[in-house]
Amino acid sequence: MIIDIHGHYTTAPKALETWRNRQIAGITNPAETPKSSELRIGDDELRESIESNQLRLMRERGLDLTIFSPRASFMAHHIGDFQVSTTWAAICNELCYRISRIFPDHFIPAAMLPQSPGVDPATCIPELAKCVEEFGNVAINLNPDPSGGHWNSPPLSDRHWYPIYEKMVEYDIPAMIHVSTSCNLCFHTTGAHYLNADTTAFMQCLTADLFKDFPTLRFIIPHGGGAVPYHWGRFRGLAQELNKPLLKDHLLHNIFFDTCVYHQPGIDLLARVIPVDNILFASEMIGAVRSIDPETGHYFDDTRRYIEDALIDPQQRRKLYDANARRVYPRLAAALKAKGR
């Protein structure tokens, strides 16, 4: 079985974006604010948006199941206040849940949180609990920078985030550390802000002892870990200078990386540097890079091709495709077991 642990609903019907634009307009003119009930998207529209896009590509590429969450760039936690984020997160999470009900063999949901800059993360817990208990979500996406590129929240190691971590441990779910749109012109959203955040999240964990307080907490750092694998020697050296344990003991029981790296040398490096037990298959399609690579004639985000050509043995490949995801996402493993998969 091939499990893609990083999928976003990037192909939602246009009505969702139209509703969101009205919600944003309502921030300055409350009379413009739409009710949630005014968003009407039927199951046939949802089905069409997936069958002709994600599901079509999954079938072409031989992928079986995707962990599916709201579009990352649409989270935009910096827009409006907590109430705006709460309404928006609930709508987006429900759509992903509906997709999982329409295509139960191919999609399982992960939740967006209603984060808001300067607001206690504990306020996200009702939405998190609803998504796990009612929608069967197997993970959450956690934005370490709700400001949208200005980084004015405490680091992930700070007690500020502990209410979320306590709930994650209670439910035994991991978090993908994933920022949203950058409103800072210095940082392109997908080309800089995402990769900066991946690297920053890893370093925030390296400099602290978060996992002593939460030994079963699990983070997935997407996009291959940003700069981390490429600069593994730097991080090993910094850990040594800070009198931290070896990285394999300090972080690798709790931090994992996905394969959203869009060329063969990048995947080869990831597989050489990071233990295979810490790598989970992912593509993020249809996402940040949607075009065909003129050097190969294949889509950049067809990451299975890179895994098949990487110098790893079949047993390692099975871990990367399937076993690691079941281990890191216990609720996913339970859901698959219940279906005999």
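Reading the values: rules and limits
The residue count restarts for each chain, going from 1 along the sequence in the order it is written. For this predicted model, a pLDDT threshold of at least 70 governs which residues receive local features, and a threshold of 80 or more governs which side-chain atom pairs are given and counted, while totals over whole chains, interfaces and linings are taken from all residues. Excluded from the side-chain calculations are hydrogens and water; all other atoms, namely the structure's heavy atoms, are used. Comment: elements are numbered from the N terminus, with helices defined as DSSP H or I runs of at least four residues and strands as E runs of at least two. Radius of gyration: over C-alpha atoms. The globule rule applied is 2.2 Å multiplied by the number of residues raised to the 0.38 power. Each residue is placed in one exposure class: buried if its accessible area under a 1.4 Å probe, protein chains only, is under 20% of its type's maximum, exposed if it is over 50%, and partly exposed if it falls in between. Accessible surface area values rest on a Shrake-Rupley calculation with a 1.4 Å probe, where residue burial reflects the displayed protein chains alone. At least two DSSP bridges between two strands are required for those strands to pair. Cavities and pockets are defined on a 1 Å grid built over the protein atoms alone: a cavity is a set of grid points where a 1.4 Å probe fits but cannot escape, while a pocket is an open set with protein on both sides within 12 Å along at least five of seven lines, and lining residues are those with an atom within 4 Å of any such point. Grid points are joined across faces, edges and corners, and a volume is the space filled by probe spheres set on the points. Gly is placed with the polar residues, together with every amino acid not listed as nonpolar (Ala, Val, Leu, Ile, Met, Phe, Trp, Tyr, Cys and Pro) or charged (Asp, Glu, Lys and Arg). The contact rule is simple, with two residues in contact once any of their heavy atoms fall within 4.5 Å. Whenever a helix is involved, its axis is fitted only over the stretch in contact; in every case the axis is a line through C-alpha atoms, and angles between N-to-C directions fall within 0 to 180 degrees.

## Describing the overall build of the protein chain
- Helix and strand content of the protein chain: 15 helices and nine strands.
- Its C-alpha radius of gyration of 19 Å places the protein chain within 12% of the 20 Å reference for a compact globule of 341 residues.
- Along the three orthogonal principal directions, the C-alpha set of the protein chain runs to about 55 × 45 × 40 Å.
- For the protein chain, the residues scored as buried account for 53% of the 341 residues in total.
- Entry remark: accessible area of the protein chain is about 14600 Å², with carbon and sulfur atoms responsible for 51%.

## Overview of the pairing of strand β1 (residues 3–9)
- In terms of residue burial, β1 counts as a mostly covered element, since seven of its seven residues are buried.
- Judged from the five bridges that link them, β1 and strand β2 (residues 65–70) form a sheet pairing that is parallel. From the neighbouring strand, Gly7 faces β2, where its bridge partner is Phe68.

## Topic: empty space enclosed by the protein
- For the structure on display, the rule yields three cavities of 30 Å³ or more.
- Counted as a void, the largest cavity has a volume near 60 Å³.
- Lining the largest cavity are 13 residues, and of these Ile5, Ile67, Ala110, Asn141 and Met176 sit closest to its centre.
- At the level of elements, β1, β2 and β5 (140–142) are the ones that each hand at least two residues to the lining of the largest cavity.
- Grouping the amino acids of the lining of the largest cavity by side-chain chemistry returns eight nonpolar, five polar and no charged.
- Estimated volume of the second largest cavity: approximately 50 Å³.
- Sort the elements by how many residues they give to the lining of the second largest cavity and helix α5 (residues 82–102) lands first, with three residues.
- The residue inventory of the lining of the second largest cavity, partitioned by class, reads seven nonpolar, no polar and one charged.

## Here's the deal with the layout of surface pockets
- In this model, the largest pocket occupies a volume close to 350 Å³.
- Looking at the lining of the largest pocket, the elements with two or more residues in it are α8 (189–206) and α12 (264–273).
- Here the lining of the largest pocket gets four residues from one element, more than from any other, and that element is α8.

## Things to note about the sheet that holds β5
- Taken together, the six strands give an open sheet; going across it, the order is β4-β5-β6-β7-β8-β9, and neighbouring strands pair in parallel fashion. Every interior strand has two partners, whereas the edge strands, β4 (111–112) and β9 (279–280), have only one.
- Where β4 meets β5, two bridges bridge the pair, whose relative direction is parallel. Note on β5: the bridge partner recorded for Ala111 is Ile140.

## A word on helix α7 (residues 162–171)
- Taking burial as the measure, the ten residues of α7 include seven buried ones, the bulk of the element.
- Where α7 is buried, its residues touch α6 (125–133), β5, β6 (175–177), α9 (210–213), β7 (219–221) and α15 (330–338).
- At the C-terminal side of α7, Asp172 shows a positive phi close to 55°.

## A short note on the sheet that holds strand β3 (residues 107–109)
- Ordered by their spatial adjacency, three strands build an open sheet running β1-β2-β3, and the pairing between neighbours is parallel. In this open sheet, the two edge strands, each paired with only one partner strand, are β1 and β3. On average, adjacent strands in this sheet sit at an angle of 35° to one another, irrespective of strand direction.
- Examined bridge by bridge, β2 and β3 share three bridges and lie parallel to one another. Its bridge partner being in β3, Phe68 is matched across the sheet by Pro109.

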